[in-house]
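Residue-level structural notes
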Amino acid sequence: MFLSASSSDEREVEASVWETDIVEDGVSFTPNMMKHVFKCSERRTSFDLYPENLYLDTDTKRAALCTSASVVSIISYLGESELYQTSGTIIASYDNCGIILTSANLVKCPTNQSSQEDIVKVIVYLSESESFEGKIMACDFHFNLVALKIQSDSPLRAACLANLGDSFITGGAVIALGRFFTRGFPLMAAPGIFRHGGCEYDCKELFSATCKITRCGIGGPLINQYGEVIGICFHDHSYTPFLPINIASMWWDHYKKFGESRRPSLGMKVANLHTADLGILEYFSRKFPNIVGGIIVEKAQPGSSAHSAGIQSEDVIVQFDGTNVQSFFELFKKMWSKVGDIVEVVVIRANTDDPLHLMMRVDEATEEYNWPLFEFDQ
């Protein structure tokens, strides 16, 4: 057993003095070499890497099988060299064509994560005997999404999508699915529970689950106990961040209609009011007994339109553009249709007795979020 190497070169050199090289068949492996091997191994390993995914209960298997015909493995190539591998979900099917959503990592330039490779060949696998060439229809590095189109000789099965809403509470059972890209392209499943928030990535629209997946599951579906797709999975070593299917579907529907992406800028980190600490909820319920829902602002980003409008941390948004809003998804959907407009936002604030009426411009986000690419040598 050896010490974990630090992320800095200096710490790695210092630590290696105390680490013992591993010798196998006369070949010496330094700690840094082993670290590289482990990282490559994780990328090339199925979800069975984690013990909690080895013995699935009947309900998990049943839910996974409801969606399995729509889960694909995808590999992109630059010439003869593999560029990236993801999982994906067939979200629509018509005239033997299928539309697949997956991660934009599939087409990112390895040396410049803000640009797309120009000439990429994409192969989509449903099984060892079913493969298709994928056509890139849309790409968005902001939400880390790519839409692919495949053509089949027979009908393809689209997954059943279910918008994530307030009825889905923290602790609800979820399952991350993926399809491994070798040895028959088997289905993979990782059970877990849903969590509100908890993500540390730039994208504030992400939620999270306790599912433990490997990198080959990036872009695959997150499903509920009924086999309905509620999100698109990404990867972190300790949990699974996911983009709710509500947002991914809005993004694709807008692209189909207008041929371009839309990205409303929240300008703030928010959460549904009922997810706030009990003390905050008690305070607001005493002061504003008629308020039963809303969106609590955790932080208004300096320089954003929300910040300029006067929105502050711990404000509770209860109305947007003249209508009540009870949840983050209601707010986001209304903001989606009001990009570029100035709208009234009604908030309640702890140190005021009456609701505040603020005017805010709904900006369109222009930045591209920073998402891990997970190269072999990172």
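Residues numbered from 1 in each chain as written. Predicted model: local features only at pLDDT ≥ 70, side-chain atom pairs only at ≥ 80, totals over all residues. Heavy atoms only, no water.

Describing helix α4 (residues 245-258)
What counts here: Numbering of helices and strands runs from the N terminus; a helix is a DSSP stretch of H or I covering at least four residues, while a strand is a stretch of E covering at least two. Take the residue count of a helix, subtract one, and multiply by 1.5 Å to get its expected span.
Between the first and last C-alpha of α4 there are 20 Å, a value that for 14 residues agrees with the 20 Å anticipated at 1.5 Å per step. In the segment just after α4, G259 is the residue with positive phi, at about 70 degrees.

Here we look at the confidence of the model for the protein
Formally: Per-residue confidence from the predictor is reported as pLDDT, which spans 0 to 100. A contact between two residues is defined here by any heavy atoms of the two lying within 4.5 Å.
Averaged over every residue, the pLDDT of the protein is 82; residues scoring 70 or more account for 83%. Scored below 50 in pLDDT, residues 1-29 makes 29 contacts in the model with residues more than four places away or belonging to other chains. Below a pLDDT of 50 lies the segment residues 33-42, which in the model reaches 20 contacts outside its immediate sequence neighbourhood of four places, other chains included.

Description of the packing of α4 against helix α7 (residues 328-336)
Each pair of packed helices can be summarised by the angle the axes make with each other and by the distance between the axes. Our working rule: For helices, the fitted line uses only the C-alpha atoms of the stretch in contact; every axis is such a line through C-alpha atoms, and the angle between N-to-C directions lies from 0 to 180 degrees. An angle below 35 degrees is read as roughly parallel, one above 145 as roughly antiparallel, one from 65 to 115 as roughly perpendicular, and any other as oblique. Crossings are assigned a handedness: left-handed for a near helix turned anticlockwise from the far helix by less than a right angle, right-handed for a clockwise turn. Polarity classes work like this: nonpolar for Ala, Val, Leu, Ile, Met, Phe, Trp, Tyr, Cys and Pro, charged for Asp, Glu, Lys and Arg, and polar for all others, with Gly in that last group.
Look at α4 against α7: their axes get within 11 Å of each other, and the N-to-C directions meet at 15 degrees. For the element pair α4 / α7, the angle class is roughly parallel. Viewed along their axes, α4 and α7 form a crossing whose handedness is right-handed. Within the contact between the two elements, α4 uses N246, I247, M250, W251 and H254 and α7 uses F328, F329, F332, K333 and W336. Residue composition of the contact of α4 with α7, by class: 7 nonpolar, 2 polar and 1 charged.

Section: the sheet that holds strand β3 (residues 71-78)
Our working definition: Any two strands between which DSSP finds at least two bridges are classified as paired.
The strand order around the closed barrel formed by 6 strands is β3-β4-β5-β10-β9-β8, and the pairing between neighbours is antiparallel. If you compare each strand with its neighbour and ignore which way they point, the axes differ by 40 degrees on average. When strand β5 (residues 97-102) meets strand β10 (residues 145-151), the two strands line up antiparallel, connected through 6 bridges. For L101, the partnering residue across the bridge sits in β10 and is A147. Across the face of the sheet, α4 comes into contact with β4 (81-94), β5, β9 (130-140) and β10 while running at roughly 85 degrees to β9.

Things to note about the pattern of salt bridges
Going by this rule: Here, a salt bridge means any Lys or Arg side-chain nitrogen found within 4 Å of an Asp or Glu carboxyl oxygen. Working definition: with a 1.4 Å probe on protein chains only, accessible area under 20% of the residue-type maximum means buried, over 50% means exposed, and in between means partly exposed.
Enumeration according to the criterion identifies 6 salt bridges in this entry. Close ionic contact of E298 with K269 constitutes a salt bridge, the shortest N to O distance being 3.8 Å. With E298 in strand β18 (residues 295-300) and K269 in strand β17 (residues 268-272), this pair connects stretches of sequence that are 29 residues apart. On the accessibility criterion, E298 (42% relative accessible area) is partly exposed. Between D321 and K338 there is a salt bridge, with the nearest N and O atoms lying 3.3 Å from each other.

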